[in-house]
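Descriptive analysis of the structure
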Amino acid sequence: MKLANIKREWWKEAIVYQIYPRSFQDSNGDGVGDLRGIIQRLDYIASLGIQVVWLNPIYSSPNDDNGYDISDYRNIMSEFGTMADFEELLAGFHARGIKVVMDLVVNHTSSEHEWFKQSRSSRDNPYRDYYHWWPAEKGTPPRRWSYFDEEANAWRYDEQTDAYYLHYFARKQPDLNWENPKLRAEIYDMMHYWFKKGIDGFRMDVITFISKHTDWPDFGDENQGSIMIDRYAEGPRLHEYLHEMNREVLQHYDIMTVAEGPGTHTHNVLALVDEDRQELNMNYHFDHQGIGVGERFIINDDFQNLVKFKKVMSDWDKALSTKGWNTVYFGNHDFPRMVSRWGNDEPQWRELSSKLLTTYLLAMRGTPYYYMGDEIGMSNIKFDNIEDYKDLMTINWYHLTKEEGGDLEKFIESHKLCARDNARTPVQWDNSMHAGFTTGEPWIKVCPNYMQVNVAAQENVPNSVLNYFRKMTALRSNNLTLIYGSYQLLLPNHEQLYVFERQLDDETLLVALNFSSETASFEYDIKASSQLEVLIDNYNDLTLGESRIALKGWQAVVLRV
Ligand code: GLC
Ligand code: CA
């Protein structure tokens, strides 16, 4: 790979740090994180060495789905603060050289959005066509599966106009009708509003679902998600809409865009992110998250299958190696803590495996998306009781499983590993009450390991997980091979080791990671290396033979070879 042939972009060179504001820092003691809380932590965020922050939704919302149900796109959620707070926060990030990406949630609104209130009020209201309605005199609409509905049914009967409306997510999240050009113009106008305020991009929530098959074909009676998700993502006008959005809005600003792409796979992703098509910059997929996880997040033996993981990640790299640009991530607000999912959160291995996962994310090709709290090795809270959960998805799935007479014990055990709330427990700042997150009652429980696992305890320890993250962000940001170099997987079938090379111009880097607690070694011709140098090693103790490299449990190294 030659640097001269690469189109450099700031968003390809950036590390994105994701903040879930509700759980980051509370500033006023009401138990809910807020914008002033983030303002208090600006210097900490800047100290991480990241270049972009993605904020989960902060718009007005009744919070059925923690802000993914928006009632006013142009205002700030009252629990989070005011527009003045937002402007101060944005200026604070910009002053520190950090760009800010906001969440764009335009597949659906809250049912409390003014558009929906109008729309449901009568069949001839001017806003009627802002949403999808099925008049009841046509009979029951064709089955559509819903993620969050109590009956997993995406059509909800509404008495007022004797019709059903569509909601892929909760009943209080009706889907917008993108067929309507007036609706599209309103969305574009709203996007201009935020770009004019100075934001630097959008992460687009379930954007692959915006185009519906409005002839409403029969998708079968399948009650579960896996089949429906791929159908939802192949709406006939998706690319037409995104191209239009690009021409109307995106092309006018120096910004970045990333699709949350359920239903994107290596065979269809280029339709979204091939530069020539003028749609979006990046996409993030779910293929690795799905390994070993079945319907309703019930896990199976493949949960940590490294061979499958390597294949998925390598196939994705290949799909975007000459056109488009990849993304890599483990954790976010919808998935468990990375160390509990892909590492080992037992006390003996938690720190080492967190460092290994950090090494991986920041040594891959593709923009890394790194979730708050992972930089200190936060782990899953693993609730024993359904009463502790706040997430409507877990709660509804639990009740569905119960009604069906399903295995509730298995459900609870699987959700200890997979539930979204594992990622939503408050950031652990110090060992004071509620981990320094709030002086009040936190909206969701704090993970009990905060006494050991917290920012303050790691700040001044040179080899802490936190300081390892900082070393790794510096390494990536100052090394173009880690950003743009080609990726070559070695040992595809090895069950413990993930080893790959990155290469750019004259430089070759070897990344070797032991995804297990047992020592493992592999053949590598060290003698041939003219410029051997260890760039990072989470043990600071690497055993190199002449032609073999041995890695201890969860050891991670990056070598220049
Ligand atoms: C996305 C969000 C998730 C939300 C859903 C509905 O998947 O990441 O948190 O619940 O969309 O908006
Ligand atoms: Ca608060």
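Residues numbered from 1 in each chain as written. Chains lettered and ligands numbered in written order. Predicted model: local features only at pLDDT ≥ 70, side-chain atom pairs only at ≥ 80, totals over all residues. Heavy atoms only, no water.

Observations regarding the overall build of the protein
Applicable threshold: Strands here are runs of E lasting at least two residues and helices are runs of H or I lasting at least four, both read from the DSSP assignment and numbered beginning at the N terminus. In this description the radius of gyration comes from C-alpha coordinates, and the expected globular size is given by 2.2 Å times residues to the power 0.38. Classification of residues uses two cut-offs on accessible area relative to the type maximum, computed with a 1.4 Å probe and protein chains only: under 20% is buried, over 50% is exposed, and between them is partly exposed. It only takes one pair of heavy atoms within 4.5 Å for two residues to be counted as in contact. Per-residue accessibility takes into account occlusion by the displayed protein chains alone, with areas from the Shrake-Rupley method and a 1.4 Å probe. Positive charges come from Lys and Arg, negative ones from Asp and Glu, while His and the chain ends are left out of the count. For charged residues, the charge sits on one atom: NZ in Lys, CZ in Arg, CG in Asp, CD in Glu.
Regarding its fold elements, the protein presents 17 helices and 21 strands. Scaling as 2.2 N^0.38, a compact globule of 561 residues should have a C-alpha radius of gyration of about 24 Å, and the protein matches this with 23 Å. Expressed along its principal axes, the backbone C-alpha trace of the protein runs to roughly 80 × 55 × 50 Å. Within the span of the protein, comprising 561 residues, buried residues form 62% of the whole. Pairs at least 24 residues apart make up 70% of the contacts formed inside the protein by residues separated by at least 6 positions. For the protein, the exposed surface amounts to about 20,600 Å²; the carbon and sulfur share of it is 47%. If the 57 positive side-chain charges of the protein are averaged to one point and the 84 negative ones to another, these points end up 3 Å apart.

Some thoughts on the site of ligand 1
Let me state the cut-off plainly: Working definition: residue near molecule or strand if any one of its non-hydrogen atoms lies within 4 Å of it. Distance and chemistry together define a polar contact, namely a pair of N or O atoms within 3.5 Å, with one atom able to donate a hydrogen and the other to accept it when in protein, and with adjacent residues in sequence counting only for side-chain atoms on both sides. When residue character is reported, Ala, Val, Leu, Ile, Met, Phe, Trp, Tyr, Cys and Pro are called nonpolar, Asp, Glu, Lys and Arg charged, and the others, Gly included, polar.
In the region of ligand 1, 13 residues are neighbours, and Asp65, Asp205, Glu260, His333 and Asp334 sit closest. For ligand 1, an oxygen atom lies 2.9 Å from a polar atom in the side chain of His108. Considering ligand 1 on its own, with 310 Å² of exposed area, one finds that the protein chains cover 96% of that surface. Its residues placed into classes, the shell around ligand 1 shows 4 nonpolar, 2 polar and 7 charged.

Points about the pairing of strand S9 (residues 201–204)
Let me state the cut-off plainly: Only strands joined by at least two bridges in the DSSP assignment are considered to pair.
In S9, alternate side chains face the same way, and those of Gly201 and Arg203 on one face and Phe202 and Met204 on the other are all buried. As defined by bridge partners, strand S5 (residues 99–104) adjoins S9 across 3 bridges and the pair is classed as parallel. When the bridges of S9 are listed, Asp103 appears paired with Arg203. Two elements, S9 and strand S10 (residues 256–260), share 4 bridges in a ladder whose sense is parallel. The partner of Met204 across the bridge, within S10, is Ala259.

Section: helix H6 (residues 181–197)
Just so we agree on the cut-off: By this rule the span expected of a helix is its residue count minus one, scaled by 1.5 Å.
With 17 residues, H6 ought to run about 24 Å at 1.5 Å a step, and its terminal C-alpha atoms sit 25 Å apart, in line with that. Looking at H6, one finds that the buried residues are Leu183, Arg184, Ile187, Tyr188, Met190, Met191, His192, Trp194 and Phe195. Among the residues of H6, the N-terminal cap falls to Asn180, whose side-chain oxygen and the backbone nitrogen of Lys182 are separated by 2.9 Å. Of the residues trailing H6, Gly198 is marked for its positive phi of about 110°.

Focus on the coordination of the calcium ion (ligand 2)
Operational definition: Coordinating donors are taken as N, O and S atoms within 2.8 Å of the metal, stretched to 3.2 Å for Na, K and Ca; because water is absent from the atoms, sites can appear incomplete.
Around the calcium ion (ligand 2), the donor atoms from the protein are Asp26 (OD), Asn28 (OD1), Asp30 (OD), Val32 (O) and Asp34 (OD), and they sit 2.3 Å away. Owing to a relative accessible area of 36%, Asp30 belongs among the partly exposed residues under this scheme.

Some points on the nonpolar core
Under the convention used in this document: Nonpolar cores were defined as sets of buried Ala, Val, Leu, Ile, Met, Phe, Trp, Tyr and Cys residues, with membership established by side-chain atoms within 4.5 Å.
Formed by 177 residues in total, the largest nonpolar core has its most connected members in Tyr17, Ile45, Phe86, Met191 and Tyr498. Not counting the four nearest positions on each side in its chain, Phe86 is found in contact with Leu35, Leu55, Ile58, Ile76, Met102, Trp194, Lys197 and Ile199. The next biggest cluster of nonpolar side chains, apart from the first, holds 14 residues, and it includes Ala520, Leu542, Ile549 and Leu551.

As for the sheet that holds strand S8 (residues 163–166)
One key point about sheets: their strands pair by backbone hydrogen bonds, in either a parallel or an antiparallel sense. Here is the rule we go by: Axis lines are fitted through C-alpha atoms, for helices just across the contact stretch, and the angle between N-to-C directions can take any value from 0 to 180 degrees.
An order of S6-S8-S7 is seen for the 3 strands of this open sheet, with the pairing classed as antiparallel. Two strands bound the open sheet, and with one partner strand each, they are strand S6 (133–135) and strand S7 (155–158). On average, each strand axis in the sheet is inclined to that of its neighbour by 30°, with strand direction left out of account. Pairing of S6 with S8, which is carried by 3 bridges, proceeds in the antiparallel orientation. Directly across from Trp133, in S8, lies its bridge partner Tyr165. Packed on one face of the sheet, helix H5 (residues 114–121) meets S6, S7 and S8 and runs near 10° to S6.

Comments concerning the domain arrangement of the protein
Quick note on the threshold: The split of the chain into domains comes from an automatic or database domain assignment. Here's the idea: put two parts together, see how much 1.4 Å probe accessible area each one loses, and the total over both is what we call buried area. Salt bridge criterion: a side-chain nitrogen from Lys or Arg within 4 Å of a carboxyl oxygen from Asp or Glu.
Here the protein is described as being made up of domain 1 (9–109 + 181–474), domain 2 (114–166) and domain 3 (486–560). Once you take the C-alpha centre of each, domain 1 and domain 3 turn out to be 30 Å apart. At the interface, 24 residues of domain 1 touch 27 residues of domain 3. Summing both sides of the interface, domain 1 and domain 3 together bury roughly 2,200 Å²; the carbon and sulfur share of this comes to 72%. Area buried by domain 1 at its contact with domain 3 is led by Leu306, Lys310 and Leu356, which between them contribute 28% of it. Between the two partners, domain 1 and domain 3, sit 0 salt bridges. For the pair domain 1 and domain 3, the number of links is 8 residue pairs in polar contact (both at pLDDT 80 or more). The set of elements that each furnish at least two residues to the side of domain 1 that touches domain 3 consists of helix H10 (306–319), helix H12 (350–363) and helix H16 (465–477). Per-class residue counts for the side of domain 1 that touches domain 3 are 14 nonpolar, 5 polar and 5 charged.

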